[in-house]
Protein chains: 2
Amino acid sequence: MKIAVAQYHFRPNNFSENFKKIKSAIAEAKEQKASCVVFPAFAISGFPPHDLLLYAGFIKKWQQQIDKILKISNGISIVIDSVFQEDEKLFHRIVLIKDGKIQAFRDDEHPADTAFFKKTNYFVKGNSGSVFVIENTEVRVCFEHELNYFSTSGSDVECCIVLQNKPFEYDVFEKQEQSFCEFAKKNRIKTIVVNPVGGETSLVFSGASFAIDAQGQITEQAPFFKEELWVFDSSNPNATGWLRTCGDRHDEISNSKSEIALVHDALVLGIKDYFKNANLKTATLGLSGGIDSAVVLPLAVEALGRQNVSVLLMPSQFSSDHSVTDAIRLAENLRVQWHVVPIKDIYHSYQKEMHAIFGDLPFGLAEENLQARIRGSFLMTYANKFGHVLLNTSNKSESAVGYGTMYGDLCGGLAVIADLYKTQVYDLARYINRKKEIIPENIITKAPSAELRPDQKDSDSLPDYDTLDKILYAHLELKQDEKQLVKSGFDATVVERTLRLLRNSEFKRKQTAPAIKVSSCTFGIDRVMPL
Amino acid sequence: MKIAVAQYHFRPNNFSENFKKIKSAIAEAKEQKASCVVFPAFAISGFPPHDLLLYAGFIKKWQQQIDKILKISNGISIVIDSVFQEDEKLFHRIVLIKDGKIQAFRDDEHPADTAFFKKTNYFVKGNSGSVFVIENTEVRVCFEHELNYFSTSGSDVECCIVLQNKPFEYDVFEKQEQSFCEFAKKNRIKTIVVNPVGGETSLVFSGASFAIDAQGQITEQAPFFKEELWVFDSSNPNATGWLRTCGDRHDEISNSKSEIALVHDALVLGIKDYFKNANLKTATLGLSGGIDSAVVLPLAVEALGRQNVSVLLMPSQFSSDHSVTDAIRLAENLRVQWHVVPIKDIYHSYQKEMHAIFGDLPFGLAEENLQARIRGSFLMTYANKFGHVLLNTSNKSESAVGYGTMYGDLCGGLAVIADLYKTQVYDLARYINRKKEIIPENIITKAPSAELRPDQKDSDSLPDYDTLDKILYAHLELKQDEKQLVKSGFDATVVERTLRLLRNSEFKRKQTAPAIKVSSCTFGIDRVMPL
């Protein structure tokens, strides 16, 4: 059976655009003689719809689209999700549409929440529905979170179609693939996992929908991070000439990619779609000469084009010469517009007013932070003036320990690398330089510094990033507590200090720009902590 | 039967302090010869514990406290919640402790999420447990979200104790009381609702635990917003001499309060506990001469004491004379320290650097916003220098329509009145002035203005606040969509514009300071929208 998977980007509250994509997918699937076209969950409404689901008009619009789909369903089976309302209760329903009729339906029997979508806020547990029959084949359709409850006992189901809605997370996506493969093997059932693609502020959906045979091997896979009507023949699984077991992605498979390459592609798509969604074109950022902004700039250029990105260099009295020269070299390598804005005079004008209140109190943290805030204010003014979006360049390590100034370097509309540890930022820099030197080598090799006071180094206040990142990963992603961290060999003083810094900087993370999520423990999404 | 309710503030991850309070509550309950002492949910761990529940060490600490409570349980029945872990699964368990033994327990059978605590992230559904017997009386204990599933058929249960964990919301708390009264009446069962008290950043718990007789009348109630061991005799419900039906709070009852008085008290406690929790003492804010900061200042003074609050007046070239004189009068009325910091020279120093890039582009929104950002930066520098917390003074109406500058007037550690519509801010101003003029009358009567350009008025860009607030309340709290709003009589153009402003300012609300929640639809907590 020829199956078409509409691996597209469907935007929340964007019914007419989404319907256009649905319509063209159906037309193209018919042209390619597919028996069936399958859509990712929330294709009609866009994902995540969040509290739009609480408004009657939104629900009605969703249902109206189904009527429009019925009219273009001659000669093809369409699998798509809808909503069903009864007595103020809302059910999430997958329907099988063909020849102008709803042939079958099935309600979500186990609505479950994720960190990025609280499904149980909106939907109740359903228990109506039946197996779908497509071209004489019994097909089971379900949402990903229902798989745990699936049983094949006594059924003739040959094939299972799973609608998934998980954003890309580098540290767990292979485990997720694995669990689908195990499901297919255990139940001896062909399984097709349908993913959306595209960026929605923090969330980036990876596409890469895939098919698994009844032995648990992945037989086909759509491309990563690309919109496509992906058509394959489920009865001829070896048509592509490759079969693979899960995790085995680095050699023979055409669309296999290394982890850092996937992260790179996720970030680029995340930036691209953020701007497309907001109908904006141009970005700016402060280029400090450090590694973080040096990595964000090429990502922005790849996503938006060099003519749509401009940068400000804002040296203070504490900036080293190499900061400016390195930054200019990077901007020149990428041929983006740059301006130098010295902040010294602005700082002095604040100092004059501060003196009336502060008297002769010595220079301290307040004055360090003020420099970052002057930069933030200037960048925002520049961004406002020309309609640019300010990209934030903070990383996850410094965000974790509160090494950043609120309303200063924490400003920005989108935090591009805020879900990458510092050591991953370096990996990404090397990946960006894989073909030629884009980021000047000196930026990659010099010791990191915030340059807010004379001769400052990050290592003055923080453990070295290799250690810090390992502790943070074990604590944040793997949920090891202080005792377990010390037991596994980390220095007790360093662990105690790191976790204290993490705890005490929670208030800063409550107000930072949305991060592009690439891990399973993104601040502001996955991790919820009392202040 | 004499029952003691330990209506205290229990802080997350604060085991030793919480245990001290538990210990002293047990001792005092014994002294007062109570048969039983009941604690609010999460008394041991503090509420909300959030992702602390994902760490093994936290769970262990919780269980260890139970062992300590066992040792001080001679001669009194203690009802308190704990956790039970089995095969990686976590159950939320209420235990009855007496004479050194766990006499009975009951697991949460229907864990449910709220906007402020995702219980199902941590706990699974339990089904073990039994009715508690205290002084020969069968008592049913449960969490508030389990009440829907409660059935008395065939049981001898006389009394139901409900552990609640809902923060104060002015628009729904009477409805909640009502539903408990209906429950009691329908099941002909005495019901005791146990609430915690205290502020946890955004959440303010109101206390006001209460007892309902089997006819559905509230017979006793603990005070609002006050820590207390509240002891009453459930067999002599009329001891206080009053009985009331729900909603009937304005006359005969000693602790009855008007809605605005409750909101006032919630905000004061919210501020007070925010500082206490963070072990901080002093606050600052920018006093503009407008109504918002004029209302926040007396609240801060009441919470922290006048000696712990100081303010900056930061006039620009567009500030009217009355802004400064009104603000000074207010500061003098409250006898708080104030400084005037003109921002004109700082603005000019930015302008000099801007000119190199902006050329002769005319003054516009970017420059308006810059003034707000200079104020934000200066306030933060002042706050950092002296260890003050900057209080944010934005209100819900302007937050809803995006009438505020990110990193400018949206700065701050805690947004005191961000959950109050502008019209409510005026109500609160009048309440604050109920005994004498604290807020100068001119601040209350003059037309609101941001004063970022010559002769600016809020009404230049926004519908009048009376209309705006009504539309917003109907849309946000009552979930009416555009069509319904127009149908109910609002002008279609105004509705369309208001909802567009609301949609387009979502990105600003992602980065604002945590608001003290007083409504059922607080931005950043209850309302989740795609960007």
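Above this text is the structure in question.
These figures come from a predicted structure and were not determined experimentally.

Asks: Is there a simple way to explain the interface of chain A and chain B in this structure?
Replies: How big an interface is tends to be expressed through the accessible area that disappears when the partners come together. With 73 residues of chain A in contact, the opposing surface of chain B contributes 72 residues. Taking both partners together, chain A and chain B bury about 5900 Å²; carbon and sulfur atoms supply 63% of that area. Between chain A and chain B we count four salt bridges in total. E367 of chain B is the salt-bridge partner of K385 of chain A, the closest N and O atoms lying 2.9 Å from each other. Seen at the junction of chain A and chain B, the total is 24 residue pairs in polar contact (both at pLDDT 80 or more).

Asks: Explanation requested: the pairing of strand β10 (residues 197-200) of chain A in the structure shown.
Replies: All names here are of chain A. Neither face of β10 is left uncovered, since the one carrying V197 and G199 and the one carrying G198 and E200 both have all their residues buried. Note that β10 and strand β11 (residues 203-206) share four bridges and pair antiparallel. Opposite E200, over in β11, you have L203 as the bridge partner.

Asks: Help me out: how do you make sense of the pattern of salt bridges in this one?
Replies: When the charged atoms of two side chains lie near each other, side chains of opposite charge can form a pair. As enumerated under the stated definition, the model contains 46 salt bridges over all chains in all. One salt bridge connects K352 of chain A with D345 of chain B, and the closest N-O pair in it is separated by 2.5 Å. Highlighted residues: K352 of chain A in helix α7 (residues 344-358) and D345 of chain B in helix α7 (residues 344-358), drawn from two different chains. Since its relative accessible area comes to 32%, D345 of chain B is described here as partly exposed. For E17 of chain B, the salt bridge is made with K20 of chain B, and the minimal N-O distance between the two is 3.3 Å. Pair noted here: E17 of chain B and K20 of chain B are both in helix α1 (residues 15-31), with a separation of three residues, about one helical turn. The class of K20 of chain B is exposed, set by a relative accessible area of 52%. Look at the salt bridges and you will find they share partners, linking R106, E109 and E146 of chain A into a network.

Asks: Looking at this model, I keep getting lost on helix α6 (residues 321-334) of chain A. Mind explaining?
Replies: Three or four residues apart is the spacing at which side chains of an α-helix point the same way, because the helix has 3.6 residues per turn. Residue and element names in this part refer to chain A. Taking 1.5 Å as the rise per residue, α6 with 14 residues should run 20 Å; its terminal C-alpha atoms sit 20 Å apart, in good agreement. Of all the positions in α6, only S323, D326, A327, L330, A331 and L334 are classed as buried. Buried residues of α6, seen end-on, are gathered within an arc of 135° and therefore sit on one face of the element. Buried residues in α6 make contact with α5 (291-304), β16 (309-313), β17 (337-340) and α11 (441-445). Following α6 by one or two positions, R335 has its phi on the positive side, about 55°.

Asks: Help me understand helix α3 (residues 173-187) of chain B in this model?
Replies: Residue and element names in this part refer to chain B. Across its 15 residues, α3 extends 21 Å between first and last C-alpha, which sits within 8% of the 21 Å expected from 1.5 Å per residue. Every buried residue belonging to α3 is among F173, Q176, E177, F180, C181, F183, A184 and N187, and all of these are buried. Down the axis of α3, the buried side of the element spans an arc of 155°, and every buried residue falls inside it. Of the exposed residues in α3, those oriented more than 90 degrees away from the buried face are K175, K185 and K186. Packing partners of the buried residues in α3 comprise β8 (159-163), β9 (190-194), β12 (210-212), β13 (218-221) and α4 (259-277). Once α3 ends, the next one or two residues include R188, with phi positive near 50°.

Asks: Got a minute to help me understand the relation of the copies chain A and chain B in this structure?
Replies: Note that the two copies of the chain are related through a rotation about an axis and a translation along the same axis. With an RMSD of 0.0 Å, the operation that places chain A on chain B is a rotation of 180° combined with a shift of 0.0 Å along the axis. Accordingly, the operation relating the two chain copies is best matched by a two-fold axis. No C-alpha of chain A lies nearer the rotation axis than that of Q511 of chain A, which sits 2.2 Å from it. Interface overlap between copies is the fraction of interface residues in one copy that are interface residues in the other; for chain A against chain B it reaches 99%, indicating a shared surface.

Asks: When you look at the environment of N121 of chain B in this model, what are you seeing that I'm missing?
Replies: Residue and element names in this part refer to chain B. Looking at where N121 falls in the secondary structure, it is placed in the loop between β5 (101-107) and β6 (132-134). When the C-alpha positions of N121 and P111 are compared, they lie 9.6 Å apart, and in sequence the two are ten residues distant. In this view, N121 contacts L54 and D113; residues no more than four positions away in its chain are not counted.

Asks: Which parts of the structure should I look at to understand a positive patch on the surface?
Replies: A surface patch of positive charge is lined by K60 and K61 of chain A together with K483 and R503 of chain B. Note that K61 of chain A resides in helix α2 (residues 56-70). By relative accessible area, K61 of chain A is classed as partly exposed at 40%.

Asks: What exactly am I supposed to notice about the packing of aromatic side chains here?
Replies: The geometry of an aromatic ring pair is captured by two quantities: the separation of the ring centres and the angle between the planes. Counted according to the given criterion, the structure contains 45 aromatic pairs over all chains. Here F10 of chain A and F39 of chain A contribute two aromatic rings whose centre-to-centre distance is 6.3 Å and whose plane-to-plane angle is 65°, an arrangement assigned as edge-to-face. With F10 of chain A in the loop between β1 (2-7) and α1 (15-31) and F39 of chain A in the loop between β2 (36-38) and α2, the pair connects residues that are 29 residues apart, well separated along the chain. Side by side, F10 of chain A and F39 of chain A carry an identical accessibility label, which is buried. When the centroid spacing of 5.7 Å and the interplanar angle of 25° are considered together, the rings of F117 of chain B and Y122 of chain B count as stacked. You can call F117 of chain B buried: its relative accessible area is 4%.

Asks: When you look at the sheet that holds β1 of chain A in this model, what are you seeing that I'm missing?
Replies: In sheet architecture, strand pairing relies on hydrogen bonds along the backbone and comes in two forms, parallel and antiparallel. Residue and element names in this part refer to chain A. Spatial ordering of the open sheet is given by β5-β4-β3-β2-β1-β14, a layout of six strands whose pairing is mixed. Because the sheet does not close on itself, it has two edges, and the strands there are β5 (101-107) and β14 (228-233). Each neighbouring strand pair of the sheet contributes to a mean axis angle of 35°, computed without reference to strand direction. Pairing of strand β4 (residues 89-98) with β5, which is carried by six bridges, proceeds in the antiparallel orientation. Within the sheet, the bridge partner assigned to I94 lies in β5 and is R106. Running over the sheet, α1 touches β1, β2, β3 (77-86) and β14 and is turned about 30° from β14. The sheet strands contacting α2 are β3, β4 and β5, and the helix crosses β3 at an angle near 145°.

Asks: Could you clarify how one ought to interpret the packing of helix α13 (residues 465-476) of chain A against helix α15 (residues 492-504) of chain A in this entry?
Replies: Helix packing geometry: the angle between the two helix axes and the distance between the axes. Residues and elements named next belong to chain A. Contact geometry of α13 with α15 gives a least axis separation of 11 Å together with a crossing angle of 65°. As summarised for this structure, α13 and α15 are arranged roughly perpendicular, according to the angle between their axes. Both α13 and α15 take part in a crossing whose hand is right-handed. Contacts between α13 and α15 involve T467, L468, I471, L472, H475 and L476 from the former and V494, V495, T498, L499 and L502 from the latter. Class assignment for the residues of the contact of α13 with α15 results in eight nonpolar, three polar and no charged.

Asks: Just checking my understanding: could you explain the sheet that holds β12 of chain B for this structure?
Replies: All names here are of chain B. Strand order across the open sheet formed by six strands is β6-β7-β8-β9-β12-β13, with mixed pairing between neighbours. Two strands close off the open sheet at either side, each with one partner strand: β6 and β13. If you compare each strand with its neighbour and ignore which way they point, the axes differ by 25° on average.

Rules and cut-offs
- Residues numbered from 1 in each chain as written.
- Chains lettered and ligands numbered in written order.
- Predicted model: local features only at pLDDT ≥ 70, side-chain atom pairs only at ≥ 80, totals over all residues.
- Heavy atoms only, no water.
- Contact = heavy atoms within 4.5 Å.
- Buried area = accessible area lost by both parts, 1.4 Å probe.
- Salt bridge = Lys/Arg side-chain N within 4 Å of Asp/Glu carboxyl O.
- Polar contact = N/O pair within 3.5 Å; in protein donor to acceptor, adjacent residues only side chain to side chain.
- Buried < 20%, exposed > 50% of the residue type's maximum accessible area, 1.4 Å probe, protein only.
- Helix = DSSP H or I, 4+ residues; strand = E, 2+ residues; numbered from the N terminus.
- Pairing = 2+ DSSP bridges.
- Expected span 1.5 Å × (residues − 1).
- Arc of directions from axis to C-beta.
- Least-squares fit on C-alpha atoms with pLDDT ≥ 70 in both.
- Patch = residues over 30% accessible without salt bridge, like charges linked within 9 Å, V, L, I, M, F, W, Y side chains within 5 Å.
- Areas by Shrake-Rupley, 256 points an atom, 1.4 Å probe, with all protein chains shown as cover.
- Lys, Arg positive; Asp, Glu negative; His and termini not counted.
- Charge placed at Lys NZ, Arg CZ, Asp CG, Glu CD.
- Phe/Tyr/Trp six-rings, centres within 6.5 Å; stacked < 30°, edge-to-face > 60°.
- Axes fitted to C-alpha atoms, helices over the stretch in contact; angles between N-to-C directions.
- Parallel < 35°, antiparallel > 145°, perpendicular 65-115°, else oblique.
- Left-handed = near helix turned anticlockwise from the far one by under 90°.
- Nonpolar A, V, L, I, M, F, W, Y, C, P; charged D, E, K, R; others polar.

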